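Each chain, letter by letter, is given below.
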Amino acid sequence: MPDVDISELVRRYGPMVFRRARYLLGNDAEAQDAVQEVFVRLVNKIDSFRAESQPSTWLYRITTNYCLNLIRDRGRRRELLEQHATSTEDDPDPGAPDPELMALMRRLLAAADPLQAQAAIYVHVDGMSHAEAAALLNVSRRTVGNLLERFEKWARRNLEGLVPNNAAGGSNYTK
Amino acid sequence: MSNLDYSKLSGKNPDCPSELLLDRFHGGELPSAESAAVERHSAQCPACTARLALRQRGAAAFPALRLDEVADKCVRLDAQRRVCRTYRSSVWQRFAERLSATRRVHLSWIAAAATAAAAIFVALLPQLRHDGGIDGTGIHMKGGPRLHVVRERSGAVAELADGELVRAGDRLQFRVDLPADAEVMVVGVESSGAIYPCYPLGASGSTAARAGAGIALAGAVELDDSAGDEYLHLVVCPRHFALHNLSAPARGAMAVAGGDGCRSDSIHIVKEVP
Ligand SMILES: [Zn+2]
């Protein structure tokens, strides 16, 4: 996309970045900050971005890294992640993950191995195939499978110590 | 509780396209076979129809999203990034002080040998450039506005000649000669024709300046590591003008829409490949 100006890129891709940051972070205000940060990174790499044949894929990668770092910082600050849960009633996004499960997922992501956490976001939250996730992570499909297996095994151990945010959400968890 | 049901987390059926795949479809980034498959699926899947409808609404779907704020900040940042990274250091500060000493020398028409710095400037004022829009002979017209670009590299200071090679890390400061009080702006023009503001840095229009010779414009810029060649133009008009009034009809040329009485001076800089 030669010579497309920055405002046009913000207009074209801003809603996509916002929607994604919003469901990863569970919070409109932080999603707005994420959009700003992601586009600052885009401006700093504008030449390589303009040469990019898959701009959405590029932006997914940057957005994931930004949001995952924020989730991990929150975890380090011992904030209560569940207080950020988005209310489901006024959520216009039919593709957003289940809010209660996502709040639990964030607590896992905050402490998980970063590469395993990225694989888990792509496959379990975004609903990507292993092939799609492999392309984003620059690894083989088999590696994606291994990363997920290790994440899930680690999560099973860690979930023992986590309390669900809402007792009514219990039916979503399996033994 | 010892497990999380990941199949319920994303809220999608296994045969529905991922969020990314739908975004790539919506953005026209998919090869035609994949695109047709997503289209076929979405046509008979109410959930995916709704997911696509959300994408078609764009920013309107999210009242909390303030895209204008993001765009404004990015446009400013982009302008600064290209030529212009603001720079401060004690070396530059000392240099700026010497520059203002030089300016006093010019203004009072005293023979310019008062300081070593002044001697450099006088010695390095080759008349290689032309006063754009006035005269096509390449001869500088007496009394026209002039743009001088002064470079500091590893502590050495010199005025740039037209077409001179510059490199990442070079620090530039602009000096101008103005025959009369005027509205001024210094802009860069990339080889693509894109115009961006260098003085005032990141501004959307001109600023007032007083007449004089060798006036140092506030601020210095540090070159980034992108390769290529660019023209820097000083645009001088009797009245205020906006960045969007400027256009570059040809390499090295500058036009001002509705700009009666405007004049310009340019210098070509060529960035060395790192
Ligand atoms: Zn579907």
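Parameters at a glance
- Every chain is numbered independently, its residues counted from 1 as its sequence is written.
- For naming, the first written chain is A and the first written ligand is 1, with later ones following in the order written.
- Restriction of local features to residues with pLDDT of at least 70 applies here, the model being predicted, together with a cutoff of 80 or more for giving and counting side-chain atom pairs; totals for whole chains, interfaces and linings are based on all residues.
- Side-chain numbers here rest on the full set of heavy atoms in the structure, without hydrogens or water.
- Cysteine sulfurs are considered disulfide-paired once they come within 2.5 Å of each other.
- Numbering goes from the N terminus for both helices and strands, where a helix is a DSSP run of H or I of at least four residues and a strand is a run of E of at least two.
- Categorising residues by exposure relies on relative accessible area from a 1.4 Å probe, with only protein chains included: less than 20% of the type maximum marks a residue as buried, more than 50% marks it as exposed, and the intermediate range marks it as partly exposed.
- A side-chain nitrogen of Lys or Arg and a carboxyl oxygen of Asp or Glu constitute a salt bridge if their distance falls within 4 Å.
- Metal donors: N, O and S atoms at distances within 2.8 Å, or within 3.2 Å for Na, K and Ca, with water omitted from the atom set so that some sites may seem incomplete.
- Geometry is assigned from the angles between donors: four donors with all angles from 85 to 135 degrees make a tetrahedral site, four or six donors whose opposite pairs exceed 155 degrees while the rest stay between 65 and 115 make square planar or octahedral sites respectively, and everything else is labelled irregular.
- Pairs of strands are assigned from DSSP output, requiring at least two bridges between the strands.
- By definition, residues are in contact when any of their heavy atoms lie within 4.5 Å.
- Buried area, as used here, totals the accessible surface that two parts lose on assembly, with accessibility defined by a 1.4 Å probe and the loss added over both.
- Two N or O atoms form a polar contact when they lie within 3.5 Å of each other; inside protein one atom must be a possible hydrogen donor and the other a possible acceptor, and for residues adjacent in sequence the pair counts only when both atoms belong to side chains.
- The aromatic pairing rule takes the rings of Phe, Tyr and Trp, using the six-membered ring of Trp, and pairs them if the centres are within 6.5 Å, calling planes under 30 degrees apart stacked, those over 60 edge-to-face and the rest tilted.

K.L.:
Which residues make up the state of the cysteines, and what values do they have?
P.N.:
All names here are of chain B. Taken as a whole and assessed by the stated rule, the structure comprises 1 disulfide over all chains. Residue Cys237 pairs covalently with Cys262 via a disulfide, S to S 2.0 Å. The sign of the S-S torsion, about 115 degrees, decides the handedness of the disulfide formed by Cys237 and Cys262: right-handed. With Cys237 in strand S10 (residues 228-237) and Cys262 in the loop between strand S12 (255-256) and strand S13 (263-271), the pair connects residues that are 25 residues apart, well separated along the chain. With relative accessibility at 3%, the residue Cys237 sits in the buried group.

K.L.:
Before we move on, could you go through the pattern of salt bridges and cite the residues and values that matter?
P.N.:
Under the defined criterion, the tally for this structure stands at 18 salt bridges over all chains. Of the charged contacts, one joins Asp265(B) and Arg146(B) as a salt bridge, the two residues approaching to 3.5 Å between their closest N and O atoms. Of the two residues, Asp265(B) sits in strand S13 while Arg146(B) sits in strand S1 (residues 146-153), which places them 119 residues apart along the sequence. Here Asp265(B) falls in the buried class, since its relative accessible area comes to 0%. Exposure remark for Arg146(B): the relative accessible area of 5% places this residue in the buried category. Between Glu164(B) and Arg151(B) there is a salt bridge whose closest N-O contact spans 3.2 Å. Placement of the pair is Glu164(B) in the loop between strand S2 (156-159) and strand S3 (165-166) and Arg151(B) in strand S1, with a sequence separation of 13 residues. Overlapping salt bridges bring together Arg19(A), Lys12(B), Glu19(B), Asp23(B), Arg51(B) and Arg55(B) as one network.

K.L.:
Before we move on, can you summarise the coordination of the zinc ion with the specific residues and values?
P.N.:
All names here are of chain B. Of the protein atoms, only Cys16 (SG), His41 (NE2), Cys45 (SG) and Cys48 (SG) coordinate the zinc ion, at distances of 2.1 to 2.3 Å. Around the zinc ion sit 4 donor atoms, and with donor-metal-donor angles ranging over 104 to 114 degrees the site reads as tetrahedral. When the donor residues of the zinc ion are listed from N- to C-terminus, their spacing reads C-x24-H-x3-C-x2-C. Of the two residues examined, Cys45 and Cys48, each falls in the buried class.

K.L.:
I'd like to hear about the side chain of Thr57(A), residue by residue, with values.
P.N.:
Looking at the secondary structure, you find Thr57(A) in helix H4 (residues 55-76). A relative accessible area of 8% means that Thr57(A) is categorised as buried.

K.L.:
Tell me what's going on with the pairing of S2(B), and back it up with residues and numbers.
P.N.:
All names here are of chain B. With burial as the criterion, only one face of S2 is covered, namely that bearing Val157 and Glu159; the residues Ala156 and Ala158 on the opposite face remain uncovered. Sheet topology places S1 next to S2; 4 bridges connect them, and they run antiparallel. Residue pairing in the sheet places Val150 in a bridge with Glu159 of S2.

K.L.:
How would you sum up the environment of Ala37(B)? Please name residues and give values.
P.N.:
All names here are of chain B. Tracing the backbone through its elements, the reader meets Ala37 in helix H3 (residues 32-44). On the basis of relative accessibility, which here comes to 35%, the residue Ala37 falls in the partly exposed class. When the C-alpha positions of Ala37 and Pro17 are compared, they lie 9.6 Å apart, and in sequence the two are 20 residues distant.

K.L.:
Break down the interface of chain B and chain A for me, citing the residues and quoting the values.
P.N.:
Taken together, the contact pairs 40 residues of chain B with 60 residues of chain A. With both sides pooled, the region where chain B packs onto chain A buries about 4500 Å², and carbon together with sulfur makes up 64% of that total. At the junction of chain B and chain A, the tally comes to 2 salt bridges. A salt bridge links Asp23(B) to Arg19(A), with the nearest nitrogen and oxygen atoms 2.6 Å apart. Counting every contact that joins chain B to chain A gives 12 residue pairs in polar contact (both at pLDDT 80 or more). Only helix H1 (6-9), helix H2 (19-26), helix H4 (46-57) and helix H5 (67-82) of chain B provide two or more residues apiece to the side of chain B that touches chain A. Considering every element that reaches the side of chain B that touches chain A, the biggest residue donor is H5(B), with 10 residues.

K.L.:
Go over the side chain of Gln118(A) with me, naming the residues and quoting the values.
P.N.:
Tracing the backbone through its elements, the reader meets Gln118(A) in helix H6 (residues 114-125). For Gln118(A), the residues in contact, after removing those within four places along its chain, are Thr64(A), Asn65(A), Leu68(A) and Leu137(A).

K.L.:
Describe the packing of aromatic side chains, naming the residues involved and giving the relevant values.
P.N.:
Residue and element names in this part refer to chain A. Taken as a whole, this structure holds 5 aromatic pairs over all chains when the rule is applied. The interplanar angle of 70 degrees and the centroid separation of 5.0 Å between the aromatic rings of Phe49 and Trp58 together place this pair among those described as edge-to-face. Take Trp58: its relative accessible area is 9%, and that puts it in the buried class. Through pairs of rings, three or more aromatic residues link up here, namely Tyr13, Phe49 and Trp58.

K.L.:
Could you give an account of H2(B), with specific residues and numbers?
P.N.:
Counting buried residues along H2(B), 7 of its 8 residues qualify, which places the element largely inside the surrounding structure. Taken from the residues just after H2(B), Gly28(B) is the one with a positive phi, measuring 70 degrees.

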